[in-house]
Amino acid sequence: MHTRAYPHHSYPPQVESEETYKPQRRRALLLRRLALVALTLIALRLGEIQLARSKYYLHYIAPQVTAQPRTAKAVPGSILARDGTVLAQSIYSYTLVANPVRMAEKKEPVAGVAHQLAQIINKDETVIRAALEARRSKEYVVLQQWLEADQVPAIREADVCGISLDSSYKRHYPNGTLACHLLGARNQFHIPLCGLEHRYRLLLDGKPSAVASITDSAGSPTLGRDDTVLPAVAGFDLMLTLDLGLQRYVEARIDALCEREAPRSASALVMKASTGEILAICSRPEFDSNMLASGADADKAARKAFKQEHTCNAVVEKNFAPGSTFKILLAAAALEAGIDPARQFFCPGHYDAGGQPISCWGRYRTQGHGYVNMERMVAMSCNIAAANIALDLGPHRYTAFLREAGIGTPSRAGFPGETAGFLADPETLSKRDLAVMGFGQRVSTSALQLTAAVAAIANGGVKMHPHIIAAVLNKDGTIFRRPNLPEPVPVCSEETAKAVLRMMEAAVDYGTARTAAIEGVPVAAKTGTGQIWNPRTRTFYAGRYLTSFLLICPADNPEFVVYVAAVEPQVGEHGADVAGPTARDIASFALRQVVNP
């Protein structure tokens with residue numbers, strides 16, 4: 001017998017015996033079979049839940065599994081005028097809802113339900129029936145929003161299967177379109193769309209109640225511990241600086257201006273010079289906030305035709321070339337820079353600035369104003385004198401003064417969408433650019449920016465921060481918080497402010513602003529007629545103007561600053577005849593109106 005020798009580094013192959021292999025294979029096959037059986041049972045169970053008994057689990061079991069303590073909605077805040085009058089509030093109401101799927105399961109006749117509900121909610125029976133039949137596969141169909149108070153008990157007593165009541169809030173504006181651009185609006189689902197409603201939605205909406213779940217370190221609910229329901233937190237009320245009587249009068253006068261002049265749009269602003277409070281603000285055309293908040297079928301066509309651009313608050317959101325009203329700030333900047341107000345500038349009607357001609361206005365394009373000092377520049381609104389004063393100032397001193405007065409930066413007065421306007425870098429200004437800036441071109445501002453800057457002149461040279469929010473109130477009427485306003489900004493000296501006011505008084509006495517005169521009251525005013533810029537062609541539109549008027553009263557102890565503007569009036573041509581009479585009437589009313597501190 002031969003013995004085969006193997007090297008010490010190799011070993012003969014070993015074959016696994018049948019006895020060691022078969023038990024392992026049997027266990028693996030057994031585990032596979034058990035897993036297959038388990039998966040089959042799970043699939044059958046899922047099929048039963050999802051298909052065979054889906055309605056049972058969806059309508060009866062699911063609500064029990066997912067049930068949590070009922071949570072309450074927060075009471076929304078209101079918006080109030082300075083005297084506490086409600087301008088916007090939320091009314092608790094109910095929406096009638098149907099579940100056609102549930103009605104079909106209970107074999108509730110659609111015709112009978114429609115007939116029963118029609119008598120309660122005073123709605124056409126055929127309309128209700130059509131709505132239910134067209135949505136047989138739906139589980140949530142709105143039949144009527146904002147039910148009347150006497151309809152709710154009747155629906156509950158009827159106890160119709162598949163009919164329920166959903167509680168909700170409807171926003172209501174008691175004064176209709178009054179201050180609509182300021183307040184903004186909410187839609188039928190109480191969602192804020194624009195204005196202060198949108199800007200302060202977090203304060204106004206409050207917080208609904210919530211369930212505070214107790215969980216372990218893995219985030220799973222802890223057994224044996226009840227969840228705590230955190231109570232709802234009511235929304236805060238906003239008290240505005242708005243004077244309701246003055247606001248109503250301003251809107252009435254702007255409506256009269258629109259009827260008389262047929263402008264494309266018009267606006268007005270009244271500010272208290274010593275505090276920066278906005279007492280009235282108005283834009284036209286207006287819109288109906290209640291229409292947007294309504295879910296009524298009668299308002300569907302109006303809501304469909306409504307455009308978002310109609311909600312634009314032109315006083316704070318649009319910027320424009322201010323025109324000759326800007327000469328007020330030019331005069332203040334020149335006096336602060338030490339330019340002699342008695343210095344004479346000759347106006348032949350035109351001026352060559354950097355190779356491009358500049359013209360005066362109206363008949364003065366050809367005959368000129370002759371020799372003009374700074375007072376006559378303001379009073380007679382001479383463009384040529386203004387251009388020369390701006391050139392004497394230089395780009396750096398002029399733009400620095402304007403920035404200090406708030407031109408070129410948002411006012412941050414509490415409105416949404418405030419524009420910053422445009423103020424060029426002084427390094428980029430050509431000679432012509434600087435010259436036309438003297439009479440309000442090559443610069444753009446909002447009405448709010450310009451009025452706040454002129455209010456600094458009325459307030460002895462100190463600019464108070466413009467604001468619309470007077471206080472945030474708790475639901476019991478106590479003050480939660482007052483706005484933290486920036487410190488007043490010194491724009492010019494008191495002597496400069498008084499000198500500019502005298503120049504504006506001269507405009508009323510013998511200049512372009514004579515339509516602002518109020519018997520027995522010294523008035524300071526300035527007219528403006530600015531060209532409208534076309535951003536597409538980067539030129540001014542031909543024959544399209546913004547006419548404006550700024551008025552301060554009383555001039556000897558300034559309290560109110562009034563701004564009125566009309567875009568593209570079809571009758572008048574200048575600020576004096578278009579906006580002047582309206583500004584005068586508003587100022588006269590403001591002087592008689594008692595404004596609460």
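None of the values given here were measured: they were computed from a predicted structure. (Residues numbered from 1 in each chain as written. Predicted model: local features only at pLDDT ≥ 70, side-chain atom pairs only at ≥ 80, totals over all residues. Heavy atoms only, no water.)

A.B. asks: What is the right way to read the overall build of the protein chain from this model?
C.D. replies: A tally of regular secondary structure across the protein chain gives 23 helices and 22 strands. Per-residue burial over the protein chain gives 47% buried out of 597 residues. Expressed as a percentage of contacts within the protein chain between residues at least 6 apart in sequence, the contacts between residues at least 24 apart total 72%. Total accessible area on the protein chain stands at roughly 30300 Å², and carbon and sulfur atoms take up 53% of it. (Helix = DSSP H or I, 4+ residues; strand = E, 2+ residues; numbered from the N terminus. Buried < 20%, exposed > 50% of the residue type's maximum accessible area, 1.4 Å probe, protein only. Contact = heavy atoms within 4.5 Å. Areas by Shrake-Rupley, 256 points an atom, 1.4 Å probe, with all protein chains shown as cover.)

A.B. asks: Quick question: what am I supposed to make of the sheet that holds strand β20 (residues 524–534) here?
C.D. replies: Read from one edge to the other, the open sheet built from 5 strands follows the order β11-β10-β22-β21-β20, with strand pairing classed as antiparallel. Looking at the sheet topology across the chains shown, the edges are occupied by β11 (278–284) and β20. Shown here is a sheet whose adjacent strand axes are inclined to one another by a mean of 15 degrees, direction ignored. Along the sheet, helix α21 (residues 494–509) makes contact with β20 and β21 (539–553), crossing β20 at roughly 85 degrees. (Pairing = 2+ DSSP bridges. Axes fitted to C-alpha atoms, helices over the stretch in contact; angles between N-to-C directions.)

A.B. asks: What am I meant to see in helix α17 (residues 383–393) here?
C.D. replies: One turn of an α-helix holds 3.6 residues; hence residues three or four places apart share an orientation. Summarising burial for α17: 9 of the 11 residues are buried, a large majority. Those residues of α17 lying buried are Asn383, Ile384, Ala385, Ala386, Ala387, Asn388, Ile389, Ala390 and Leu393. One or two residues past the end of α17 sits Gly394, with phi positive at roughly 90 degrees.

A.B. asks: For this particular structure, what's the right way to read the pattern of salt bridges?
C.D. replies: It is possible for side chains of opposite charge to pair when their charged atoms get near one another. Throughout the structure, instances matching the rule amount to 17 salt bridges. Put simply, Arg442 and Asp433 hold a salt bridge, and the shortest N to O gap is 3.4 Å. For Glu568, the salt bridge goes to Arg544, with nearest N and O atoms at 2.7 Å. Of this pair, Glu568 sits in the loop between β22 (560–567) and α22 (575–578) while Arg544 is found in strand β21, placing the two residues 24 residues apart along the sequence. With a relative accessible area of 26%, Arg544 lands in the partly exposed category. (Salt bridge = Lys/Arg side-chain N within 4 Å of Asp/Glu carboxyl O.)

A.B. asks: Quick question: what am I supposed to make of the state of the cysteines here?
C.D. replies: Should the sulfur atoms of two cysteines be covalently bonded, the bond is a disulfide. Applying the stated criterion across every chain yields a total of 0 disulfides. Cys347 provides the cysteine sulfur closest to Cys382, a residue in no disulfide bond, and the two sulfurs are 3.6 Å apart. (Disulfide = S-S within 2.5 Å.)

A.B. asks: When you look at the packing of α17 against helix α18 (residues 395–404) in this model, what are you seeing that I'm missing?
C.D. replies: The relative placement of two packed helices comes down to the angle between their axes together with the axis-to-axis distance. Running from N to C, α17 and α18 cross one another at 100 degrees; their axes reach a closest spacing of 6 Å. By the angle between their directions, the pair α17 and α18 is classed as roughly perpendicular. Of the residues in α18, those in contact with Ala390, Asp392 and Leu393 of α17 are Pro395, Arg397 and Tyr398. Residue classes in the contact of α17 with α18 are distributed as 4 nonpolar, no polar and 2 charged. (Parallel < 35°, antiparallel > 145°, perpendicular 65-115°, else oblique. Nonpolar A, V, L, I, M, F, W, Y, C, P; charged D, E, K, R; others polar.)

A.B. asks: Any chance you could explain unusual backbone geometry here in plain terms?
C.D. replies: Most peptide bonds are trans, and most residues other than glycine sit at a negative phi. The peptide bond linking Arg284 to Pro285 adopts the cis configuration, its omega dihedral lying at 10 degrees. Locating Pro285 in the fold gives a position in the loop between β11 and α11 (289–293). A cis geometry characterises the amide bond from Cys553 onward to Pro554, with omega recorded as -20 degrees. Position of Pro554 among the secondary structure elements: in the loop between β21 and β22. The phi angle at Trp146 is positive, at roughly 55 degrees, despite the residue not being glycine. Residue position: Trp146 is located in the loop between β3 (141–144) and α6 (151–158). For Trp146, a relative accessible area of 11% gives the class buried.

A.B. asks: When you look at the packing of aromatic side chains in this model, what are you seeing that I'm missing?
C.D. replies: Aromatic ring pairs are described here by two measures, namely the spacing of the ring centres and the angle between the planes. Counted by the stated rule, this structure contains 7 aromatic pairs. On the basis of an interplanar angle of 5 degrees and a centroid distance of 4.2 Å, the ring pair of Tyr249 and Phe589 is categorised as stacked. A residue pair is termed long-range when its members are at least 10 positions apart, and Tyr249 in helix α10 (residues 244–261) and Phe589 in helix α23 (residues 580–592) qualify at 340 residues. On the basis of relative accessibility, which here comes to 23%, the residue Tyr249 falls in the partly exposed class. Overall, Phe589 belongs to the buried group, its relative accessible area being 17%. Ring geometry for Phe346 and Tyr371: centres 4.9 Å apart, planes at 55 degrees, overall tilted. (Phe/Tyr/Trp six-rings, centres within 6.5 Å; stacked < 30°, edge-to-face > 60°.)

A.B. asks: Where do I start with helix α20 (residues 447–458) in this structure?
C.D. replies: Helix length check: α20 (12 residues) gives 16 Å between terminal C-alpha atoms against 16 Å at 1.5 Å per residue, within 8%. Extensive coverage of α20 is indicated by the burial of 12 of its 12 residues. The set of residues buried in α20 consists of Ala447, Leu448, Gln449, Leu450, Thr451, Ala452, Ala453, Val454, Ala455, Ala456, Ile457 and Ala458. Residue Gly460 follows α20 closely and has a positive phi angle near 70 degrees. (Expected span 1.5 Å × (residues − 1).)

A.B. asks: Help me understand the nonpolar core in this model?
C.D. replies: Proteins that are soluble and globular tend to have nonpolar side chains buried together. Membership of the largest hydrophobic core comes to 108 residues, with the highest contact counts inside it found for Met377 and Tyr398. For this core, the element with the highest residue contribution is α20, accounting for 10 residues. Beyond its immediate chain neighbours, meaning those up to four positions away, Met377 contacts Lys327, Leu330, Ala331, Val372, Cys382, Ala385, Ala386 and Ile389. Residues Val270, Val562, Val564 and Phe589 belong to the second largest nonpolar core, which totals 33 residues. (Core = buried A, V, L, I, M, F, W, Y, C linked by side-chain atoms within 4.5 Å.)

A.B. asks: What is the right way to read the pairing of β20 from this model?
C.D. replies: Residues in a regular strand point their side chains to alternate faces of the sheet. Counted residue by residue, β20 has 8 buried out of 11 residues, so it is predominantly covered. When β20 meets β21, the two strands line up antiparallel, connected through 10 bridges. Following the sheet pairing, Gly528 is matched in β21 by Ser548. Hairpin geometry of β20 and β21 is characterised by an intervening segment of 4 residues between the two adjacent antiparallel strands and by a positive phi of about 55 degrees at Arg538.

A.B. asks: Sorry if this is basic, but what is going on with a nonpolar patch on the surface here?
C.D. replies: Judged by side-chain polarity, Leu30, Leu31 and Leu34 come together as a nonpolar surface patch covering roughly 320 Å² of accessible area. By the element assignment, Leu31 lies in helix α1 (residues 18–52). Assessed through its relative accessible area of 59%, Leu31 is described here as exposed. (Patch = residues over 30% accessible without salt bridge, like charges linked within 9 Å, V, L, I, M, F, W, Y side chains within 5 Å.)

A.B. asks: Would you mind showing me how to read the environment of Arg343 here?
C.D. replies: Mapped onto the elements of the fold, Arg343 is located in the loop between α14 (327–336) and β12 (345–347). With 31 residues separating them along the chain, Arg343 and Met374 place their C-alpha atoms 7.2 Å apart. With sequence-adjacent residues up to four places away left out, Arg343 is seen in contact with Val372, Asn373, Met374 and Asp392. Separated by 2.3 Å, the side chains of Arg343 and Asp392 make a polar contact. (Polar contact = N/O pair within 3.5 Å; in protein donor to acceptor, adjacent residues only side chain to side chain.)

A.B. asks: Honestly, the confidence of the model for the protein chain in this entry has me stumped. Any pointers?
C.D. replies: Close inspection of predicted coordinates is inappropriate in any region flagged by low pLDDT. For the protein chain, per-residue confidence averages 86 on the pLDDT scale, and 87% of positions sit at 70 or higher. Scored below 50 in pLDDT, residues 1–11 shows 1 contact in the model against residues more than four places distant or in partner chains. (pLDDT = per-residue confidence, 0-100.)

A.B. asks: Where do I start with the side chain of Asn388 in this structure?
C.D. replies: Tracing the sequence through the fold places Asn388 in helix α17. On the basis of relative accessible area, Asn388 is assigned to the buried category, the value being 17%. Apart from residues no more than four positions distant in its own chain, Asn388 is found in contact with Phe345 and Tyr351.

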